[in-house]
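What follows is each chain in one-letter form.
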Amino acid sequence: MARNIEGFTLWLTGLSGAGKTTIAVALEKELRDRDLYVERLDGDTVRQGLTRDLGFSKEDRDMNIERVTFVAKLLSRNGVAVLASFISPYREARENIRKETTNYIEVFVHAPLDVCADRDVKGLYAKAFAGEIPNFTGVSDPYEAPENPEIVVHTHQETVEESVAKILTYLETHGLIPTQEPVAVPSS
Ligand code: ADP
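In this text the structure is predicted, and so the values were computed from the model without any measurement.

A. Just the site of the ligand, in detail. Around the ligand, 15 residues are found, and the nearest of them are Gly17, Lys20, Thr21, Thr22 and Glu158. Ala18 places a polar main-chain atom, nitrogen or oxygen, 3.2 Å from an oxygen atom of the ligand. Note that an oxygen atom of the ligand is positioned 3.4 Å from one of the side-chain N or O atoms of Arg119. Relative to its free-state accessible area of 560 Å², the ligand is covered by the protein chains to the extent of 77%. Looking at the shell around the ligand, the element that brings in the most residues is helix H1 (residues 20-33), giving 3 residues.

B. Quick look at the side chain of Asp120. On the secondary structure map, Asp120 appears in the loop between helix H5 (113-119) and helix H6 (124-129). Despite its burial, Asp120 pairs with no opposite charge; the closest candidate is Lys122, at 8.6 Å N-O. With near-sequence residues (within four places) excluded, Asp120 lies in contact with Tyr125 and Ala126.

C. Representation of the nonpolar core. Ranked by size, the top nonpolar core spans 34 residues in total, and within it Phe8, Leu10, Leu31 and Ile167 carry the most contacts. Where this core is concerned, the elements lending two or more residues are strand S1 (8-13), H1, strand S3 (81-85), strand S4 (104-110), H5, H6, strand S5 (151-154) and helix H7 (160-173). The element contributing the most residues to this core is H7, with 5 residues. Sequence-distant contacts of Phe8, that is, excluding residues within four places in its chain, are made with Leu31, Ser76, Val80, Ala81, Val82, Leu83, Thr102, Asn103, Ile105, Leu171, Leu176 and Ile177. Of all hydrophobic cores here, the second largest spans 14 residues; its members include Ile65, Ala72, Phe86 and Ile97.

D. Region of interest: the environment of Thr22. Within the element layout of this structure, Thr22 appears in helix H1. A relative accessible area of 45% means that Thr22 is categorised as partly exposed. For the pair Thr22 and Glu100, spaced 78 residues apart in the sequence, the C-alpha separation amounts to 26 Å.

The rules we used
Residues numbered from 1 in each chain as written. Predicted model: local features only at pLDDT ≥ 70, side-chain atom pairs only at ≥ 80, totals over all residues. Heavy atoms only, no water. Near = heavy atom within 4 Å. Polar contact = N/O pair within 3.5 Å; in protein donor to acceptor, adjacent residues only side chain to side chain. Areas by Shrake-Rupley, 256 points an atom, 1.4 Å probe, with all protein chains shown as cover. Helix = DSSP H or I, 4+ residues; strand = E, 2+ residues; numbered from the N terminus. Buried < 20%, exposed > 50% of the residue type's maximum accessible area, 1.4 Å probe, protein only. Lys, Arg positive; Asp, Glu negative; His and termini not counted. Salt bridge = Lys/Arg side-chain N within 4 Å of Asp/Glu carboxyl O. Contact = heavy atoms within 4.5 Å. Core = buried A, V, L, I, M, F, W, Y, C linked by side-chain atoms within 4.5 Å.

This is the structure in structure tokens:
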């Protein structure tokens, strides 16, 4: 039986390759280990299903986020820990998620463009720099960095574990997840 919490929407925004999915996957495991209801929504996965009809124009990106916002709203108001990893480049669209969902927490997953391009996890930056992808965020499309995110993680300077720990501490100190029981060390 999972433990009840109020529910929240932890929204990871940042450039492609910044580390959103990597951090969300690690967080999902941590939260499941704590017996919480968790749902992870990921840009790449959602675009294969719920929003497979959409492209990367501003209108389509806004519609993509609008539909995901609706799902996150339903889940987060029913006690689910929602982990959403989407580039979500537009500030206005993110402000709308804040209004619509329960306990919205914006996480700016930051790494400089050249670091993301060097990682080139999906081989997309090479194509974007070669002019083969017309609407590629950070190269041929805008990314509006968060102005007041609740959390910033610097993935070029921190390990995945450090970023995850920072987020867990935030969730604990804001009462959104139960604090981890300290492991009892038997006294000698
Ligand atoms: P995104 O979801 O933002 O597009 P991914 O998580 O798919 O990014 O890819 C990020 C890549 O960067 C992965 O290959 C990951 O192993 C690597 N990486 C290196 N350091 C970090 C870190 N501190 N945090 C997250 N990812 C990191």
